[in-house]
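Residues per chain, in single letters:
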Amino acid sequence: MGKNAIVTGGTRGIGRAISLALKNNGCNVAATYAGNDEAAAQFKSETDINVYKWDVGDYDACQGGVAEIEGAQGPTDILVNNAGITRDGFFHKMTPAQWSEVIRADLDSVFNMSRQIFPGMRERGYGRIVNITSINGQKGQMGQVNYSAAKAGMIGFTRALAQEGARKGVTVNAVAPGYIATDMVAALDEKVLQGIVAQVPVGRLGAPEEIGDCVAFLAGEGAGFITGAVLSANGGQYIAA
Ligand code: NDP
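Keep in mind it's a predicted model, so treat the numbers as computed, not measured.

Describing the sheet that holds strand β4 (residues 78–81)
Reasoning step 1: Read from one edge to the other, the open sheet built from seven strands follows the order β3-β2-β1-β4-β5-β6-β7, with strand pairing classed as parallel. The open sheet has two edge strands with one neighbour each: β3 (50–53) and β7 (230–233). Averaged over neighbouring strand pairs, the angle between their axes works out to 20 degrees when direction is ignored.
Reasoning step 2: Across four bridges, β4 lies against strand β5 (residues 127–132) in parallel orientation.

What follows is the structure in structure tokens.
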């Protein structure tokens, strides 16, 4: 029997690649999304992976959504907290809405989802939680005070929950991608993008599949001795200690 996995924001971009990598490893995967029904329907028809729509920033919606998924595929062995948004702008102009939308979707969501699933993992003595943070949570990024704060928050969350889960067979790790070719990055101005690529020693954007492979590794049974880690996948753009 394959492990049961939930990937938030699993229908597009990096999440899509994570869903597929886990499926290719024999997992039963449920992919969640927020509102892009068209992309989700296309993803479902191309991959045969079930999709579920709710806002991961809403605690009660997470409770209901997880219950529905677990009713269909059983208790969750692997949770990937991947869903995220950006609302960029310089801090001196940042609105409270730009701040709180990002904190809610990118950081509250990690609590909202993990809180539903971690207790069962603990009781069953097995679990894998993988959080998708960002290079910009590691180094900070101008124009992204909100996003950098949320993504750095995910790293603290990962390190603390890893300590709580360790004796119960639950590992908690993070993957910190650099710039990856997805819709989120396509939204950037062409000049900004060229400037970013110029700073990447590998000389290109990353592919979503390269992050999918990192997650599949950390979510595998063989990674049981790795917990509280942050795996950087950024083409050498930022080499963290
Ligand atoms: P995309 O914008 O391509 O996809 C985001 C996915 O998350 C979509 O499936 C979207 O659903 C879902 N989502 C967004 N907000 C919510 C919400 N409130 N509730 C439920 N689902 C939600 O993003 P990427 O693939 O580029 O990014 C994925 C993750 O990787 C994010 O956490 C991002 O911060 C991180 N990251 C990305 C990098 C990059 O270069 N792309 C670099 C470093 C980190 P819907 O389709 O309905 O909109």
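Quick notes on the packing of helix α3 (residues 59–73) against helix α4 (residues 96–124)
Reasoning step 1: Two numbers describe how α3 lies on α4: the axes approach to 9 Å, and their chain directions differ by 40 degrees. When the interaxial angle is binned, α3 and α4 end up oblique. Regarding α3 and α4, the two cross each other, and that crossing is right-handed. Taking contact as the criterion, the partners of Y59, C62, Q63, V66 and E70 in α3 are, on α4, F111, N112, M113, R115, Q116 and I117.
Reasoning step 2: For the contact of α3 with α4, the class distribution of residues is six nonpolar, three polar and two charged.

Thresholds applied
Residues numbered from 1 in each chain as written. Predicted model: local features only at pLDDT ≥ 70, side-chain atom pairs only at ≥ 80, totals over all residues. Heavy atoms only, no water. Pairing = 2+ DSSP bridges. Helix = DSSP H or I, 4+ residues; strand = E, 2+ residues; numbered from the N terminus. Axes fitted to C-alpha atoms, helices over the stretch in contact; angles between N-to-C directions. Parallel < 35°, antiparallel > 145°, perpendicular 65-115°, else oblique. Left-handed = near helix turned anticlockwise from the far one by under 90°. Contact = heavy atoms within 4.5 Å. Nonpolar A, V, L, I, M, F, W, Y, C, P; charged D, E, K, R; others polar.

No statement about biological role is implied by the geometric values presented.
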